[in-house]
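Residue strings, one per chain:
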Amino acid sequence: MKRIICIIFISVLLLFSLSGCYSYKEIDSIYVYKHENYFNYDYERFVDLKNCKLFMYSSEETGKRRNINEENQGYKEIEDLDSVKVEQFKKDISEHGINSWEESYYNDGTMDGVSIEITINYSDGTQKTTYVYYEYPDNWEAIRNDMFNLTGRYLI
């Protein structure tokens, strides 16, 4: 009987892995670009999970992007992140479903608001970008709180 249960269990695990129902991708970094239309303000954040660092860029000049040829690609290092918190963060955002986000969430009924671009860079070299404009994924607050728990800042 134990052998049959073991075979069934292994078969179910194999089906899930082959069907793509369960997939885990290691996240190396997260890039956030935020534009607030009302205040006409832009900023960028880069969370380097591999090296446990948080970087930022902001400019007083509207639309001025960072110079990627400068040190740290134009970012200013804000802080070192606690490695234990980083591992917990990666687990939390995966469990909260950040990998299931669609390409865009858009509310065309809003004329003046905040637009956010979030790019997740994976350890296998792939990346996924999501655009948000006053329409949010269902798990937005959970992911937003995960980022706050890691950095002490609301990045999105």
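Summary of the structure given here. (Residues numbered from 1 in each chain as written. Predicted model: local features only at pLDDT ≥ 70, side-chain atom pairs only at ≥ 80, totals over all residues. Heavy atoms only, no water.)

## Section: the overall build of the protein
A count of helices and strands for the protein gives three helices and seven strands. What you see in the protein, going N to C, is helices and strands ordered as α-β-β-β-β-α-β-β-β-α. When contacts within the protein are restricted to residue pairs at least 6 apart in sequence, long-range pairs at least 24 apart make up 55% of them. (Helix = DSSP H or I, 4+ residues; strand = E, 2+ residues; numbered from the N terminus. Contact = heavy atoms within 4.5 Å.)

## Side note on helix H3 (residues 140-151)
Between its first and last C-alpha, H3 extends 17 Å over 12 residues, near the 16 Å set by a 1.5 Å rise per residue. Backbone geometry just after H3 places Gly152 at a positive phi near 75°. (Expected span 1.5 Å × (residues − 1).)

## With respect to the pattern of salt bridges
Within this structure, the stated rule accounts for 10 salt bridges. Put simply, Arg66 and Glu44 hold a salt bridge, and the shortest N to O gap is 2.8 Å. Taken together, the residues Arg66 in the loop between strand S3 (53-58) and strand S4 (76-80) and Glu44 in strand S2 (residues 41-48) connect sequence positions 22 residues apart. This pair shows no difference in class: Arg66 is buried, exactly as Glu44 is. Each member of the salt-bridge network shares a partner with another, and the members are Glu26, Glu87 and Lys90. (Salt bridge = Lys/Arg side-chain N within 4 Å of Asp/Glu carboxyl O. Buried < 20%, exposed > 50% of the residue type's maximum accessible area, 1.4 Å probe, protein only.)

## Brief notes about the nonpolar core
Counting 26 residues, the largest nonpolar core has Ile27, Ile30, Val47, Trp101, Ile116 and Ile156 as its most contacted members. Tallying contributions element by element places strand S6 (residues 114-122) first for this core, with five residues. In this structure, Tyr31, Tyr33, Tyr57 and Tyr75 belong to the second largest nonpolar core, which totals six residues. (Core = buried A, V, L, I, M, F, W, Y, C linked by side-chain atoms within 4.5 Å.)

## Things to note about the environment of Tyr122
Structurally, Tyr122 is set in strand S6. In this structure, the C-alpha to C-alpha distance between Tyr122 and Ser29, residues 93 residues apart in sequence, is 7.1 Å.

## Quick look at the pairing of S6
Counting buried residues along S6, seven of its nine residues qualify, which places the element largely inside the surrounding structure. Of the strand pairs in this sheet, strand S1 (residues 27-36) and S6 are connected by nine bridges, and their pairing is antiparallel. The partner of Lys34 across the bridge, within S6, is Ile116. Pairing analysis gives seven bridges linking S6 to strand S7 (residues 127-133), with the strands arranged antiparallel. Residue pairing across strands places Ser115 opposite Tyr133, the latter belonging to S7. In this structure, the hairpin formed by S6 and S7 is closed by a connection of four residues, where Gly125 is found at a positive phi of approximately 95°. (Pairing = 2+ DSSP bridges.)

## What to know about helix H2 (residues 83-95)
Residues separated by three or four positions in an α-helix point in the same direction, a consequence of the helix having 3.6 residues per turn. Given a rise of 1.5 Å per residue, 13 residues ought to cover 18 Å, and the 18 Å separating the end C-alpha atoms of H2 matches this to within 8%. The set of residues buried in H2 consists of Val86, Phe89, Lys90, Asp92 and Ile93. Residues of H2 that are buried sit in contact with S1 and H3. The residue sitting at the N-terminus of H2 and contributing the capping side-chain oxygen is Asp82; that oxygen lies 3.1 Å from the backbone nitrogen of Val84. (Polar contact = N/O pair within 3.5 Å; in protein donor to acceptor, adjacent residues only side chain to side chain.)

## Considerations on the packing of H2 against H3
Interhelical geometry of H2 versus H3 gives an angle of 175° and a closest axis separation of 10 Å. By the angle between their directions, the pair H2 and H3 is classed as roughly antiparallel. Across the interface between the two elements, Lys85, Val86, Phe89, Asp92 and Ile93 of H2 pack against Ile143, Asp146, Met147, Asn149 and Leu150 of H3. (Axes fitted to C-alpha atoms, helices over the stretch in contact; angles between N-to-C directions. Parallel < 35°, antiparallel > 145°, perpendicular 65-115°, else oblique.)

## Section: the packing of aromatic side chains
Inspection of every chain in the model, using the stated rule, returns eight aromatic pairs. Judged by centre distance (5.6 Å) and plane angle (25°), the rings of Trp101 and Trp140 are stacked. Placement of Trp101 in the loop between H2 and strand S5 (104-106) and of Trp140 in helix H3 is noted, with a sequence separation of 39 residues between them. Exposure class is identical for Trp101 and Trp140. Each is buried. Both rings, one in Tyr133 and one in Tyr134, keep their centres 6.0 Å apart while their planes meet at 80°; by these two values the pair is edge-to-face. Accessibility expressed as a relative area gives 34% for Tyr134, which makes it partly exposed. A connected cluster of aromatic rings, assembled from ring pairs, spans Phe46, Phe55 and Tyr75. Directly above the aromatic system of Tyr43 lies the positively charged group of Arg45, at a separation of 3.9 Å from the ring centroid. (Phe/Tyr/Trp six-rings, centres within 6.5 Å; stacked < 30°, edge-to-face > 60°. Lys NZ or Arg CZ within 6 Å of the ring centre and 35° of its normal.)

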